[in-house]
Amino acid sequence: MSPHDDSRKSLIPTFLYSSSSSSSSLLKKTRPFDLDTLRTTSPHGSSSSSKSFVVPAPKEKIEMYSPAFYAVCTAGGSLCTGLTHTLITPLDVVKCNMQIDPAKYKSISSGFGVLLKEQGVRGFFRGWVPTLLGYSAQGACKYGFYEFFKKYYSDIAGPEYAAKYKTLIYLAGSASAEVIADVALCPMEAVKVRVQTQPGFARGLGDGLPKFVKSEGALGLYKGLVPLWGRQIPYTMMKFASFETIVEMMYKHAIPTPKDQCSQTLQLGVSLAGGYVAGIFCAIISHPADNLVSFLNNAKGATVGDAVKKMGLWGLCTRGLPLRIVMIGTLTGAQWGIYDAVKVSLGLPTTGGVTPDPAATALAKV
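Nothing here was measured: the structure is a model prediction, and the numbers come from that model.

Chemist: Give a detailed account of the nonpolar core, specifying residues and quantitative values.
Modeler: Core analysis: the biggest nonpolar cluster contains 27 residues, and Phe69, Tyr143, Tyr251, Trp336, Tyr339 and Leu348 have the highest contact counts within it. Secondary structure elements with two or more residues in this core: helix H4 (67-87), helix H7 (128-157), helix H9 (166-197), helix H11 (225-254), helix H12 (264-298) and helix H14 (321-345).

Chemist: How would you summarise H7 if you had to cite specific residues and measurements?
Modeler: Taking 1.5 Å of rise per residue, 30 residues should cover 44 Å, and H7 covers 42 Å from first to last C-alpha, within 8% of that figure. Following H7 by one or two positions, Gly158 has its phi on the positive side, about 90°.

Chemist: How would you summarise the pattern of salt bridges if you had to cite specific residues and measurements?
Modeler: Summed over all chains, the structure comprises 16 salt bridges. Measuring nitrogen to oxygen at the nearest pair gives 2.5 Å for the salt bridge that ties Lys151 to Asp155. Remark: Asp155 and Lys151 occur in helix H7; sequence separation between them is four residues, near one turn of the helix. Judged by relative accessible area, Asp155 falls into the partly exposed class, the value being 32%. We note a salt bridge from Arg324 to Asp290, for which the minimum N-O separation is 3.4 Å. Highlighted residues: Arg324 in helix H14 and Asp290 in helix H12, separated in sequence by 34 residues. With a relative accessible area of 1%, Asp290 lands in the buried category. Put simply, Asp92, Lys95, Glu189, Lys192, Arg231, Asp290 and Arg324 are held in one network by salt bridges that share partners.

Chemist: So what's going on with unusual backbone geometry? Residues and values would help.
Modeler: The phi angle at Tyr65 is positive, at roughly 65°, despite the residue not being glycine. Along the polypeptide, Tyr65 turns up in the loop between helix H3 (35-39) and H4. For Tyr65, a relative accessible area of 12% gives the class buried.

Chemist: How would you sum up the packing of H11 against H14? Please name residues and give values.
Modeler: The N-to-C vectors of H11 and H14 enclose an angle of 55°; their axes lie 12 Å apart at closest approach. Taken together, the axes of H11 and H14 are oblique relative to one another. In this structure, H11 crosses over H14, and the sense of that crossing is right-handed. Taking contact as the criterion, the partners of Arg231, Tyr235, Lys239, Phe240 and Phe243 in H11 are, on H14, Arg324, Ile328, Leu331, Thr332, Gln335, Trp336 and Asp340. Across the contact of H11 with H14, the residue classes tally to six nonpolar, two polar and four charged.

Chemist: Describe in detail empty space enclosed by the protein, supporting the description with residues and values.
Modeler: In total, this model carries two cavities of 30 Å³ or more according to the counting rule given. Looking at the largest cavity, its volume works out to about 160 Å³. Lining the largest cavity are 19 residues, and of these His85, Tyr135, Arg231, Gln232 and Ile328 lie nearest its centre. Mapped by element, the contributors of at least two residues to the lining of the largest cavity are H4, helix H5 (89-100), H7, H9, H11 and H14. Taken together, the residues that form the lining of the largest cavity break down as five nonpolar, five polar and nine charged.

Chemist: Please give an account of the packing of aromatic side chains that cites residues and values.
Modeler: Inspection of the entire model under this criterion finds 17 aromatic pairs. An aromatic cluster of at least three residues, connected via ring pairs, comprises Tyr65, Phe69, Tyr70, Phe145, Phe148, Phe149, Tyr152 and Tyr153. The ring of Tyr65 has Lys151 sitting right over it, with the charged end atom 5.6 Å from the ring centre. Here Lys211 stacks its cationic end above the ring of Phe201, 5.6 Å away from the centre of that ring.

Chemist: How would you explain the packing of H5 against H9 if you had to name every residue and give the values?
Modeler: The interhelical angle for the contact between H5 and H9, taken along N-to-C directions, is 75°, at an axis separation of 9 Å. Comparing the axis directions of H5 and H9 gives the class roughly perpendicular. Contacts between H5 and H9 involve Thr89, Asp92, Val93, Cys96, Asn97 and Ile100 from the former and Lys192, Gln196 and Thr197 from the latter. Along the lines of polarity and charge, the residues of the contact of H5 with H9 split into three nonpolar, four polar and two charged.

Chemist: With reference to specific residues and values, describe the confidence of the model for the chain.
Modeler: Low pLDDT means the predicted coordinates in that region are not meant to be read closely. In this model, the chain carries a mean pLDDT of 81, and residues with pLDDT of at least 70 account for 80%. In this model, residues 1-12 is a region of pLDDT below 50 whose contacts with residues beyond four sequence positions or in other chains number 16 contacts.

Chemist: I'd like a description of a nonpolar patch on the surface, backed by residues and values.
Modeler: Taken together, the side chains of Leu116, Val121, Phe125, Trp128, Leu132 and Leu133 present a nonpolar region at the surface, about 550 Å² in accessible area. Relative to the assigned elements, Phe125 resides in the loop between helix H6 (108-119) and H7. With relative accessibility at 41%, the residue Phe125 sits in the partly exposed group.

How each quantity is defined
- Each chain carries its own residue numbering, running from 1 in the direction its sequence is written.
- Residue-level local features of this predicted model are given only where pLDDT is at least 70; pairs of side-chain atoms are given and counted only at 80 or more, and the full residue set underlies all totals for whole chains, interfaces and linings.
- Side-chain metrics in this entry use all non-hydrogen atoms of the structure; hydrogen atoms and water are not considered.
- Residue types Ala, Val, Leu, Ile, Met, Phe, Trp, Tyr and Cys, when buried and joined through side-chain atoms within 4.5 Å, form a set referred to as a nonpolar core.
- Each residue's exposure class comes from its accessible area (1.4 Å probe, protein chains only) as a fraction of the maximum for that residue type: buried when under 20%, exposed when over 50%, partly exposed otherwise.
- For helices the rule is a DSSP run of H or I covering at least 4 residues; for strands it is a run of E covering at least 2, with both sets numbered from the N terminus onward.
- Helix span, expected: 1.5 Å multiplied by one less than the number of residues in the helix.
- In what follows, salt bridge is the name for a side-chain nitrogen of Lys or Arg lying within 4 Å of a carboxyl oxygen of Asp or Glu.
- Lines fitted to C-alpha atoms define the axes here, with helix axes fitted over just the stretch in contact, and angles between the N-to-C directions of these axes take values from 0 to 180 degrees.
- Any angle from 65 to 115 degrees is called roughly perpendicular, while one under 35 is roughly parallel, one over 145 is roughly antiparallel, and all others are oblique.
- In this scheme, a crossing is called left-handed if the near helix is turned counterclockwise away from the far one by less than a right angle; it is called right-handed if the turn is clockwise.
- Contacts are residue-level and defined by heavy atoms, with any inter-residue pair within 4.5 Å sufficient.
- Charged means Asp, Glu, Lys or Arg here, nonpolar means Ala, Val, Leu, Ile, Met, Phe, Trp, Tyr, Cys or Pro, and polar covers whatever is left, Gly included.
- Cavities and pockets were defined on a 1 Å grid built over protein atoms only: a cavity is a set of grid points that admits a 1.4 Å probe from which the probe cannot escape, a pocket is an open set flanked by protein on both sides within 12 Å along at least five of seven lines, and lining residues are those with an atom within 4 Å of any such point.
- Grid points are joined across faces, edges and corners, and a volume is the space filled by probe spheres set on the points.
- Only centres within 6.5 Å qualify two rings of Phe, Tyr or Trp (six-membered ring in Trp) as a pair; their planes then separate them into stacked at under 30 degrees, edge-to-face at over 60, and tilted for everything else.
- In this scheme, the term charge over a ring applies when either NZ of a lysine or CZ of an arginine sits within 6 Å of the ring centre and within 35 degrees of the ring normal.
- Each residue carries a pLDDT value, the predictor's own confidence for that position, ranging from 0 to 100.
- Patch rule: a residue counts if its relative accessible area is over 30% and it has no salt bridge; like charges are joined within 9 Å, and nonpolar side chains (Val, Leu, Ile, Met, Phe, Trp, Tyr) within 5 Å.
- Computed by Shrake-Rupley with a 1.4 Å probe, the accessible areas treat only the displayed protein chains as cover when residues are assessed.

Set out below in structure tokens:
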């Protein structure tokens, strides 16, 4: 066997995706395990010229962990993140103004009233263009690189330790992905916050971006990067690790039918529910940094110390939190639902909900 064939023997951790029922029967029929036989036999038992062992997906059209697979994940992440953040722009505008001017925007309901009175209906959609562009880029990097790093770290750990410490794999993969994703988001986030919280600064991205650069310099677009990392990295670690864990628990304790036997509608419903619960945890853990980002991007030359001094630690943790819980819970649930819907539509399995298969783990050790 050539070195090229050896390089394609990377063992895919069994907990990442479930195998189909036909794959399970294949494993039973081939004990003791014969890697060459499994590589050259399709999930339906027919002979195939494929030389790589991949985890079968229901009605699989795209090879797992192939460039096409990562392209689907990147596109799905861009769609689900950009679309959902844009749709909740009115909530985001009120939330940002509550953080910056709590004396004026005292509550969610009064905040909407003040905004409507002063800026009209158009005021609710201020900054929607940088929101759409920024979060589409962030989502593409977040979901695409998460799938990449999850596989990469699993290969480094090996199948046994990857399955044993899968939560650490989720945490490390999501944190690595978010570092990259925030670099893509930061410039648009800076312009968005300035447009939303300073009426008269600019109408939108077209005039807001050059005005921001003229005032702050090009590097000013990234002055909120470190606080953004402080907000988004814990948020994303919680988002992905809690989602994967919650969905696995739902299939294990609440749904009697194995995941690969559940309908696509039920699987997508689990993704929505698991995403909403995960979003609540995300909002709480990332909220202090979210207040910091809004404060720094609103005030020219402001520092973290200025924010702490003006808002106080309690204010950093709680100001605007109820609205953000509603916003992020809905947002996260919708994102996972859309993301998994894109994957399912192209023949890939939904994310999460798989416990290690002892038979497949034995295969991985051969």
